[in-house]
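Breakdown of the fold
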Amino acid sequence: MNTTQQVAIVTGASRGIGAAIATRLAKDGYAIVVNYAGNAEEAGKVVAAITAAGGYATAVKADVADPQSVRNLFDEAIRTYGRVDVLVNNAGIMPPNLPHLADTDDKTFDALFAVNVKGSFNTLREAATKLQHGGRIVNFSSSVIGLALPGYAVYAATKGAIEVMTNILAKELRGKNITVNAVAPGPTATALFLNGKTPELIDRLAKAAPLERLGTPEDIANTVAFLVGKDGQWINGQTLRANGGAV
Ligand code: NDP
């Protein structure tokens, strides 16, 4: 491998939006660390597709909620490729049944904050000292912060925390020429969105945007590629909603 090649860690890249981001950034010339939590087979398929197309990729298992696993993830990336230039903090969870706040149990609350908030905190803390000068960080929020749909209170609260960390970390990294932004997708056709919803509800949510369809993982990967690439270099500390105009 060309040792000057830039390297991107994409968390939660075995499926859904993360898999599309990994594939897109590989096409844009990055060597990719395909992080996953448990689904080794799917992560392996993403790596195989990238390498078959002439790119570089390696799969690394790490639960982002666990600080030591995240340290190992960065160490493994540096051992394999010698550097890390880009962190895409895509890994996240959402309960399929979306209970109202009054019906949300402690276990659900704790799991959401452990993966969505602590998970991003863990990777951001590593990235703040280990990313190359001129690097890029893209976090994941959600347009549901703006839509304010019943059932999303705790999930949206985790994303609110991410937007705040995005803005403040961008300022804390002054002097390193590293940008920190967040993407806030609207409803996007992945397991996280589709599981537990009736076809009628999916159709209604798809029609909420004036463009009258669900987002695709590729729509969101295009947005990430813009923020990571040269054209996005002046965008810093922002949250970019990508939702077809739903909010
Ligand atoms: P999916 O459920 O399709 O995929 C989730 C990915 O995250 C998988 O690769 C999964 O790995 C990984 N993951 C889950 N938990 C962990 C963990 N603890 N450590 C490491 N990896 C983990 O989700 P989406 O692609 O839909 O969502 C991606 C991001 O986009 C999330 O942050 C989500 O909140 C956000 N988002 C999604 C929207 C949507 O409508 N889909 C809308 C707004 C925001 P494995 O396969 O190993 O389980």
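These notes cover the structure that comes with them. (Residues numbered from 1 in each chain as written. Predicted model: local features only at pLDDT ≥ 70, side-chain atom pairs only at ≥ 80, totals over all residues. Heavy atoms only, no water.)

1. Observations regarding the site of the ligand
Among the 32 residues in the neighbourhood of the ligand, the closest are listed as S14, R15, G38, Y155 and T190. In this structure, an oxygen atom belonging to the ligand sits 2.8 Å away from a main-chain N or O atom of I17. Within the side chain of T190, an N or O atom sits 2.4 Å from an oxygen atom of the ligand. Looking at which element gives the most residues to the shell around the ligand, the answer is helix α7 (residues 191-194), with 3 residues. Grouping the constituent residues of the shell around the ligand by class yields 16 nonpolar, 13 polar and 3 charged. (Near = heavy atom within 4 Å. Polar contact = N/O pair within 3.5 Å; in protein donor to acceptor, adjacent residues only side chain to side chain. Helix = DSSP H or I, 4+ residues; strand = E, 2+ residues; numbered from the N terminus. Nonpolar A, V, L, I, M, F, W, Y, C, P; charged D, E, K, R; others polar.)

2. Looking at the pairing of strand β3 (residues 57-61)
Pairing of strand β2 (residues 31-36) with β3 involves 5 bridges; the strand directions are parallel. Paired with V33 across the bridge in β3 is T58. Crossover connection from β2 via helix α2 (residues 40-52) to parallel β3: handedness right-handed. (Pairing = 2+ DSSP bridges. Right-handed = clockwise from strand over helix to strand, strands pointing away.)

3. Structural notes on the packing of aromatic side chains
Inspection of every chain in the model, using the stated rule, returns 2 aromatic pairs. Plain terms: the ring middles of F109 and F113 are 4.6 Å apart, the flat faces sit at 20° to each other, and that makes the pair stacked. Here F113 and F109 lie together in helix α4 (residues 106-130), a separation of 4 residues that amounts to about one turn. Residue F109 is classed as partly exposed on the basis of its relative accessible area of 38%. A relative accessible area of 25% means that F113 is categorised as partly exposed. (Phe/Tyr/Trp six-rings, centres within 6.5 Å; stacked < 30°, edge-to-face > 60°. Buried < 20%, exposed > 50% of the residue type's maximum accessible area, 1.4 Å probe, protein only.)

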